[in-house]
Amino acid sequence: MPDTLRDILDAAARGEFLPPDGGVTVVPQHGRRDAGVIAFTAHSVVFTDEDPEWVRALLRSLECDALAAAMNPRFLAAFMDRTGRTTDTIDLLTVATPVPGPPSLALSELRDPDHPRVARARERRDAVRVWAVDGGVLVVGRGVAGRLEVAVEVDEGVRHQGVGRALAAAARQLSEGEPVWAQLAAGNARSVRAFQAAGFRPVGAEALLVAQ
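Residues numbered from 1 in each chain as written. Predicted model: local features only at pLDDT ≥ 70, side-chain atom pairs only at ≥ 80, totals over all residues. Heavy atoms only, no water.

**Concerning the overall build of the chain**
- Regarding its fold elements, the chain presents six helices and 11 strands.
- In terms of overall size, the chain behaves like a compact globule, its C-alpha atoms giving a radius of gyration of 18 Å where 212 residues would be expected to give roughly 17 Å.
- With the C-alpha coordinates of the chain rotated into their principal frame, the extents come out at 55 × 35 × 30 Å.
- A buried classification covers 47% of the 212 residues belonging to the chain.
- For the chain, restricting intrachain contacts to residue pairs at least 6 apart in sequence, the fraction spanning at least 24 positions comes to 62%. (Helix = DSSP H or I, 4+ residues; strand = E, 2+ residues; numbered from the N terminus. Rg over C-alpha atoms; globule rule 2.2 N^0.38 Å. Buried < 20%, exposed > 50% of the residue type's maximum accessible area, 1.4 Å probe, protein only. Contact = heavy atoms within 4.5 Å.)

Below is the structure:
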């Protein structure tokens, strides 16, 4: 059984998951910034520095499907109240293996970007790097448990031309040999399709709680 959140994520990137036994694994936060829940198939992971017994007692108190308890709105609300944190949404968590060779896109790295997507990334990731093409932006940085995360932004005028898919694929070539992760809003079907077309595969759902 992996001991840390990073161990669990590294294993998931290899296609090795916690047993689908309906269990909940509670592990410490990797750092102060990030706490939350990741739901894999029939096994959830709560990463927090709160007392694990508090987590388990709260989960047992919920009158809901045990398989969904860690993502139940009542659990997440209590989790946020106790920690003073907030969350935006529950994301689809995806991962892709690295791809050798240079990106097919003519990317220009931005050294001092002021794009809103970049400002948001710097609040939630370390070592952020940004590349741009006509009509799109690619952001890569270190997020939850130090994993490599990617986000893309595509201008409305170039939608449906494959720019999002190409940017997501480029992230796999810029990852320097390690898996790259993407959190996608489940309702953003265009983004989900673009990342899946670029080779990202769903591994679970994630509710990331950030300090206010």
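**What to know about the pairing of strand β1 (residues 23–27)**
- Across the five residues of β1, four count as buried, placing the element largely inside the fold.
- Here β1 runs beside strand β3 (residues 43–47); their pairing, made up of five bridges, is parallel. Each bridged residue has a counterpart across the sheet, and for V24 the counterpart in β3 is S44. (Pairing = 2+ DSSP bridges.)

**Quick notes on the environment of L167**
- Positionally, L167 belongs in helix α5 (residues 163–173).
- The sequence separation of L167 and D34 amounts to 133 residues, and the corresponding C-alpha distance is 26 Å.
- In contact with L167, other than residues within four places in its own chain, are L105, L107, V133, G136, V137, L138, V152, E153 and V154.

**Some words on helix α2 (residues 52–61)**
- Those residues of α2 not exposed but buried are V55, L58 and L59. Looking straight down α2, one finds that the buried residues subtend no more than 100° of arc, so they occupy a single side.
- In this structure, the buried side of α2 is in contact with β1, β3 and α3 (73–83).
- The N-cap of α2, judged by a side-chain oxygen 3.0 Å from the amide nitrogen of E53 a few residues on, is D51. (Arc of directions from axis to C-beta. Polar contact = N/O pair within 3.5 Å; in protein donor to acceptor, adjacent residues only side chain to side chain.)

**Some points on the environment of Q196**
- Tracing the backbone through its elements, the reader meets Q196 in helix α6 (residues 189–197).
- When the C-alpha positions of Q196 and A35 are compared, they lie 26 Å apart, and in sequence the two are 161 residues distant.

**Brief notes about the pattern of salt bridges**
- Scanning the entire structure with this criterion turns up 11 salt bridges.
- E149 is the partner of R125 in a salt bridge, and the nearest nitrogen-oxygen pair spans 2.7 Å. Of the two residues, R125 is situated in the loop between α4 (116–124) and β7 (126–133) and E149 in strand β9 (residues 148–154); the sequence distance between them amounts to 24 residues. The residues R125 and E149 share a single accessibility class, namely buried.
- Where E149 meets R147, a salt bridge forms, and the shortest distance between an N and an O atom there is 2.7 Å. Of the two residues, E149 and R147, neither departs from the other in class, the shared state being buried.
- Three or more residues are tied together by salt bridges with common partners; here these are R125, R147, E149 and E206. (Salt bridge = Lys/Arg side-chain N within 4 Å of Asp/Glu carboxyl O.)

**Concerning unusual backbone geometry**
- We note that A42 has phi near 55°; this positive angle belongs to a residue other than glycine.
- Relative to the assigned elements, A42 resides in the loop between β2 (34–40) and β3.
- For E176, which is not glycine, the phi dihedral falls at a positive 55°.
- Looking at E176, the relative accessible area reads 73%, which means it is exposed.

**Overview of the side chain of Q183**
- Inspection of the secondary structure assignment puts Q183 in strand β10 (residues 180–185).
- A distance of 3.3 Å separates polar atoms of two side chains, one belonging to Q183 and the other to R125.
- Excluding residues that lie within four positions of it along the chain, Q183 makes contacts with D91, L92, L93, R125, V144, R147, E149, E206 and L208.

**Considerations on the environment of F195**
- Looking at the secondary structure, you find F195 in helix α6.
- Separated by 24 residues in the primary sequence, F195 and A171 have C-alpha atoms spaced 10 Å apart.

None of this, on its own, says anything about what the molecule does.
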